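What follows is each chain in one-letter form.
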Amino acid sequence: MRFALVNPAWSFEGSIYFGCREPHLPLEYGYARALLEAAGHEATVIDAQARGLADGALRDEVAALRADAIVVTTAPSYLFWRCAPPELRVPQQALRALHGLPGLRLAVGPHASTTPRATLRKLGVDAVVMGECEDVLVELADRPRSRWGEIDSIAWLEGDEARVQGGPRASDMGRLPALRWDEATVARHAHHHHRFDAAPIGPGAEVEASRGCPYHCTFCAKDNFREGYRKRPLDVLLDELDGLVAQGVRYVYFIDEIFLPDRPLLEALVDRPVSFGVQMRVDNWSREMLDLLGRAGCVSIEAGVESITREGRSLLAKRCKLSTEQLGDLLIHAKQSVPFVQANLIQSPTDDPADVAAFRERLRQHGVWANEPVPMFPYPGSPEYTMRWGAPDDQAWERSVAHYLDRFDRFSDLQDSRPLPLSALEIAPPGHG
Ligand code: SF4
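Here's what I pulled together on the structure shown here. Here the structure is a predicted model, which is why all the values come from computation and not from measurement. (Residues numbered from 1 in each chain as written. Predicted model: local features only at pLDDT ≥ 70, side-chain atom pairs only at ≥ 80, totals over all residues. Heavy atoms only, no water.)

1. Quick notes on the overall build of the protein chain
Helix and strand counts for the protein chain come out as 17 helices and 15 strands. Its C-alpha atoms give the protein chain a radius of gyration of 21 Å, within 12% of the compact-globule value 22 Å for 433 residues. Out of the 433 residues in the protein chain, the part that is buried amounts to 58%. Excluding contacts between residues fewer than 6 apart, the proportion of contacts in the protein chain whose partners are at least 24 apart in sequence is 71%. (Helix = DSSP H or I, 4+ residues; strand = E, 2+ residues; numbered from the N terminus. Rg over C-alpha atoms; globule rule 2.2 N^0.38 Å. Buried < 20%, exposed > 50% of the residue type's maximum accessible area, 1.4 Å probe, protein only. Contact = heavy atoms within 4.5 Å.)

2. Comments concerning the sheet that holds strand 14 (residues 340–345)
Whether parallel or antiparallel, the strands of a sheet pair through hydrogen bonds between backbone atoms. The six strands lie next to each other as 8-11-12-13-14-15, forming an open sheet whose pairing is parallel. Looking along the sheet, the strands with just one partner apiece sit at the ends: strand 8 (204–207) and strand 15 (369–370). Pairing analysis gives four bridges linking strand 8 to strand 11 (residues 251–254), with the strands arranged parallel. Considered in strand 11, the bridge of Gly204 is made with Tyr251. (Pairing = 2+ DSSP bridges.)

3. A short note on the state of the cysteines
Overall, the coordinates contain zero disulfides when judged by the stated rule. Free cysteine: Cys83, not disulfide-bonded; nearest cysteine sulfur from Cys220 at 9.7 Å. Judged by its relative accessible area of 16%, Cys83 falls in the buried class. (Disulfide = S-S within 2.5 Å.)

4. Here we look at the environment of Gly248
Checked against the element boundaries, Gly248 lands in the loop between helix 9 (234–246) and strand 11. On the accessibility criterion, Gly248 (25% relative accessible area) is partly exposed. Along the primary structure Gly248 and Val274 are separated by 26 residues, whereas in three dimensions their C-alpha atoms are 9.6 Å apart. Beyond its immediate chain neighbours, meaning those up to four positions away, Gly248 contacts Gly202 and Pro203.

5. Points about helix 9
Compared with the 18 Å implied by 1.5 Å per residue over 13 residues, the 18 Å span of helix 9 between its first and last C-alpha is a close match. Contact partners of the buried residues in helix 9: helix 8 (183–188), strand 8, strand 11 and helix 10 (263–270). (Expected span 1.5 Å × (residues − 1).)

6. Regarding the site of the ligand
Taken together, the neighbourhood of the ligand is formed by Arg82, Cys213, Tyr215, His216, Cys217, Phe219, Cys220, Lys222, Glu257 and Arg281. Each residue belonging to the shell around the ligand can be placed in one class, and the counts come to five nonpolar, one polar and four charged. (Near = heavy atom within 4 Å. Nonpolar A, V, L, I, M, F, W, Y, C, P; charged D, E, K, R; others polar.)

7. Let's talk about unusual backbone geometry
In this model, Ser77 sits at a positive phi of 85 degrees, which is unusual for a non-glycine residue. Tracing the sequence through the fold places Ser77 in the loop between strand 3 (69–73) and helix 4 (89–97). A positive phi angle, near 50 degrees, is found at Arg319, a position not held by glycine. Considering the arrangement of structural elements, one finds Arg319 in the loop between helix 12 (310–315) and helix 13 (324–335).

8. Structural notes on the packing of helix 1 (residues 27–38) against helix 7 (residues 134–142)
Each packed pair of helices is defined by two parameters, the angle between the axes and the distance between the axes. Two elements in contact, helix 1 and helix 7, have axes whose closest approach is 8 Å; the angle formed by their N-to-C orientations is 40 degrees. Relative to helix 7, the element helix 1 is oriented oblique. The way helix 1 lies across helix 7 gives a crossing that is right-handed. Contacts from Glu28, Tyr31, Ala32, Leu35 and Leu36 of helix 1 reach helix 7 at Glu134, Asp135, Leu137, Val138 and Ala141. (Axes fitted to C-alpha atoms, helices over the stretch in contact; angles between N-to-C directions. Parallel < 35°, antiparallel > 145°, perpendicular 65-115°, else oblique. Left-handed = near helix turned anticlockwise from the far one by under 90°.)

9. Notes on the pairing of strand 6 (residues 154–158)
Along any regular strand, the residues point their side chains to alternate faces of the sheet. In terms of strand pairing, strand 5 (residues 127–129) meets strand 6 through three bridges, oriented antiparallel. The residue bridging Ala127 from the neighbouring strand is Trp156, located in strand 6.

10. Here's the deal with the packing of aromatic side chains
Tallied over the full model, the rule gives 16 aromatic pairs. Centroid distance Phe196 to Phe340: 4.6 Å. Interplanar angle 55 degrees. Geometry classified as tilted. Here Phe196 is found in the loop between helix 8 and strand 8, whereas its partner Phe340 is found in strand 14, with 144 residues between them in sequence. Note on Phe259 and Phe276: the rings are 6.2 Å apart at their centroids and 40 degrees apart in plane angle, and the pair reads as tilted. Highlighted residues: Phe259 in the loop between strand 11 and helix 10 and Phe276 in strand 12 (residues 275–280), separated in sequence by 17 residues. Note on Phe259: relative accessible area 2%, which makes it buried. Among the residues examined, Phe276 registers a relative accessible area of 0% and is labelled buried. Among the aromatic residues, those joined into a cluster by ring pairs are Phe18, Phe377, Tyr379, Trp397 and Tyr404. The cationic tip of Arg226 hangs over the ring face of Tyr78; the distance from NZ or CZ to the ring centre is 4.6 Å. Here the basic side chain of Arg388 rests over the ring of Trp389, its NZ or CZ set 5.7 Å away from the ring centre. (Phe/Tyr/Trp six-rings, centres within 6.5 Å; stacked < 30°, edge-to-face > 60°. Lys NZ or Arg CZ within 6 Å of the ring centre and 35° of its normal.)

11. Describing the side chain of Arg89
One can find Arg89 in helix 4. For Arg89, which is buried and forms no salt bridge, the nearest opposite charge comes from Glu87, at a distance of 4.1 Å. Among the polar contacts made by the side chain of Arg89, one reaches the main-chain carbonyl oxygen of Ser11 at a distance of 3.3 Å. Residues in contact with Arg89, not counting those within four places in the same chain, are Ser11, Phe12, Glu13, Leu425 and Glu426. (Lys, Arg positive; Asp, Glu negative; His and termini not counted. Salt bridge = Lys/Arg side-chain N within 4 Å of Asp/Glu carboxyl O. Polar contact = N/O pair within 3.5 Å; in protein donor to acceptor, adjacent residues only side chain to side chain.)

12. A short note on the pattern of salt bridges
Tallied over the entire structure, the rule returns 30 salt bridges. Between Glu426 and Lys122 there is a salt bridge, and its shortest N-O distance comes to 2.9 Å. Highlighted residues: Glu426 in the segment after helix 17 (422–425) and Lys122 in helix 6 (residues 116–123), separated in sequence by 304 residues. No difference in accessibility class separates Glu426 from Lys122, as the two residues are buried. One salt bridge in this structure joins Glu150 and Arg147, with 2.9 Å as the shortest N-O distance. Accessibility expressed as a relative area gives 37% for Arg147, which makes it partly exposed. Because the salt bridges share partners, they merge into one network encompassing Glu132, Glu134, Glu208, Arg211, Arg226, Arg230 and Glu257.

Spelled out as structure tokens, the structure:
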């Protein structure tokens, strides 16, 4: 089969989305393409976001491929599956631009994983993949529709009936190869994600050393993908990194949910001419390993502290054994060898604003940045959502956005200043309004 793997041209007007708006490498499509090709299929990644493709140009490219299956994702790369735009407006617009072209329509992403029936209906596709998508796309390619009943981790339309089969898939990281990106893709990737120490020199890239996380913080939307902690084989990761370096990349961002201390990886990075950024929990790191992290080339740390009280962290199920002062001490220590260190805070009823200000000021005096606490969005697929409302149903995204808009009137400076409810952002599917 011939696959078109489409990353739409994302836009975020009216969205509560607070992630980075720059294009990033769609790692999930990179792996999917490699696995599809290894299984004898053809696959082309069409990254309309990175290439700024308007609807007409996207349609022309997909039409020229004469694809048997067109895949659309509901989040701008794996990096943002845990904080995707709640609305499906952009994937809907991409599918509308492709209307009338031959081929199956498939969707992957956090919405497909957490609310498969609603995503099937809103996007009007033939099937959605629940969970990590790279293996499942190969299984869909290998079977005619009449045998889709054999495939776990999909929801699909059999006649008029939506069938949900199995639970979300977790990919076997040992099967995922070193990713290769063509020269044009790398050359246009000027963005250095979450880098603030220096102006970007040369292209950047995103990679992953691991997937998933052993914790279950209440606000973290990973119940249905990238959940269990798994590492990539080190030789495969280094092969990928060396390929990127040979293409001129001098900065990579590890998209790992939680970049855990890994001495062999860090020692392998020390002599490679590449800087990198990570997101992590500083309570997992000793001073010695933080020093090695800096020597290895880390220039950006984003560390989830969330609340400045033990009680607040406990309410968020952080399972953090350190005191707030110890967390601050480690962040300040990290700053000695890593040029940019950030502590993330979210609004907590246990945190006195004056104490938050004092914590932020102490860090600031040592060059560590801590954001003003931001409101928590109860993502469908997070424990917070499930504790409030039970398992996500077909109205889950609408419910979360309505709750958020109702509860908060000040938003992060990363967000649109006037976020709108989902009904105002999405295209109503046939038969709905
Ligand atoms: S440690 Fe980070 S990745 Fe892990 S559950 Fe908590 S917020 Fe999510």
